[in-house]
Amino acid sequence: MVNPERALALEYAERADAYVERWGPVLHPMALPLLEAMPLADTHRLLDVGAGTGGLWAAIRRAAPQAQLWGIDRSDGMLRAGGDMLQHRVAVMDAQRLGIRPGVFDAALMCFVLFHIPDPVAALQEIREVLAPQGRLGLVIWGDDPGLPGASIWTEELDRAGAGPDPRDPRLMRQGWMDTTEKLARLLELGGFRVDRLWSRIFGRPWTVEDLLVTQTRCGLPSRRLAALDGPAREGCIERVRERLRQLRPAALTYHVEILYGLAHRSA
């Protein structure tokens, strides 16, 4: 049996192209406020934990023009999907067990990754160890997230079609441990960091019905549950969701989500 962390890495590898095309463009603008707020101009060595396909690397390089940039990710398929940008200074690595000598980096980033780690405190402690004294950490995670528009419609129609529950192990969905600034502050302290700043921002992203359907059927919870259905049942479920989404007003097709940001430094 594949362990949960490996299963998640394989899932991301299988959906890497969909992530690049569909989900990355949703996430990346939400991460930019962290790069704008984090003092990276004089950074010399920076570690991107959960680098994925490297979609943020151009923005990171603009924010940290002097830095040598390294990236790690649990999914080799995600790294491979990054193309030329990720051909150097990247490695497949578990954030809970970093194979990096202590004190190497001036700064580290974790953008939309901490909630996927079964033991987030252990990961933060590992990152602390590879940071130099007073090294900085920047975090981006979900706050209050109702899910993409139509989430309840998908649940009803997937249940009606007989799709099983979400196959992803709940230990890889720790969002509830860190979905407020108070919870995030506590995790950072347990991980050996002193908090410099925590804040949140609400984003709104409108969708068309077809763009939403393509995204939800290629990545995310509906795609995972749809995989359990045979062809006719799957297509019938998608068509019923399409028809119900078309009945929604434009305002109901806008994704409103809270994003949390954290800046911290390694405690003594």
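Residues numbered from 1 in each chain as written. Predicted model: local features only at pLDDT ≥ 70, side-chain atom pairs only at ≥ 80, totals over all residues. Heavy atoms only, no water.

1. Some details on the pattern of salt bridges
Just so we agree on the cut-off: Whenever a carboxyl oxygen of Asp or Glu lies within 4 Å of a side-chain nitrogen of Lys or Arg, that contact is scored as a salt bridge. When accessible area is computed with a 1.4 Å probe and restricted to protein chains, residues below 20% of their type maximum are described as buried, those above 50% as exposed, and intermediate ones as partly exposed. A helix here means a DSSP run of H or I that spans at least four residues, while a strand means a run of E at least two residues long, and both kinds are numbered starting from the N terminus.
Applying the stated criterion across every chain, the model contains 21 salt bridges. Between R97 and D94 there is a salt bridge whose closest N-O contact spans 2.3 Å. Overall, the relative accessible area of 13% leaves D94 in the buried class. When the shortest N-O distance is used, the salt bridge between R244 and E157 registers 3.0 Å. Remark: E157 occurs in helix α6 (residues 151–161) and R244 occurs in helix α10 (residues 231–245); sequence separation between them is 87 residues. If you follow the salt bridges from partner to partner, you end up with E156, E157, R160, R240 and R244 in one network.

2. Here's the deal with the environment of L131
Quick reminder of the rule: Contacts are residue-level and defined by heavy atoms, with any inter-residue pair within 4.5 Å sufficient.
Tracing the backbone through its elements, the reader meets L131 in strand β5 (residues 131–142). On the accessibility criterion, L131 (0% relative accessible area) is buried. Note: C-alpha distance between L131 and P167 (36 residues apart in sequence) is 35 Å. Contact partners of L131, with chain neighbours within four places excluded, come to G103, F105, D106, A107, A108, R136, F193 and R266.

3. Notes on the packing of helix α5 (residues 120–130) against helix α7 (residues 181–190)
Relative placement of two packed helices is described by the angle separating their axes and the distance separating the axes. Here is the rule we go by: To obtain an axis, a line is fitted to C-alpha atoms, over the contacting stretch when the element is a helix, and the angle between two such axes runs from 0 to 180 degrees between their N-to-C directions. Between 65 and 115 degrees an angle is taken as roughly perpendicular, under 35 as roughly parallel, over 145 as roughly antiparallel, and anywhere else as oblique. Helix crossings get a hand from a simple test, with the near helix turned counterclockwise from the far one by less than a right angle marking a left-handed crossing and a clockwise turn marking a right-handed one. Residue classes follow a fixed rule: Ala, Val, Leu, Ile, Met, Phe, Trp, Tyr, Cys and Pro count as nonpolar, while Asp, Glu, Lys and Arg count as charged, and any other residue, Gly among them, counts as polar.
As a packed pair, α5 and α7 sit with axes 8 Å apart at the nearest point and diverge in direction by 55 degrees. Between α5 and α7, the angle falls in the class oblique. Considering only the axes of α5 and α7, their crossing is right-handed. Judged by residue contacts, P120, V121, L124 and Q125 of α5 engage L187, L188 and L190 from α7. Its residues assigned to classes, the contact of α5 with α7 comprises six nonpolar, one polar and no charged.

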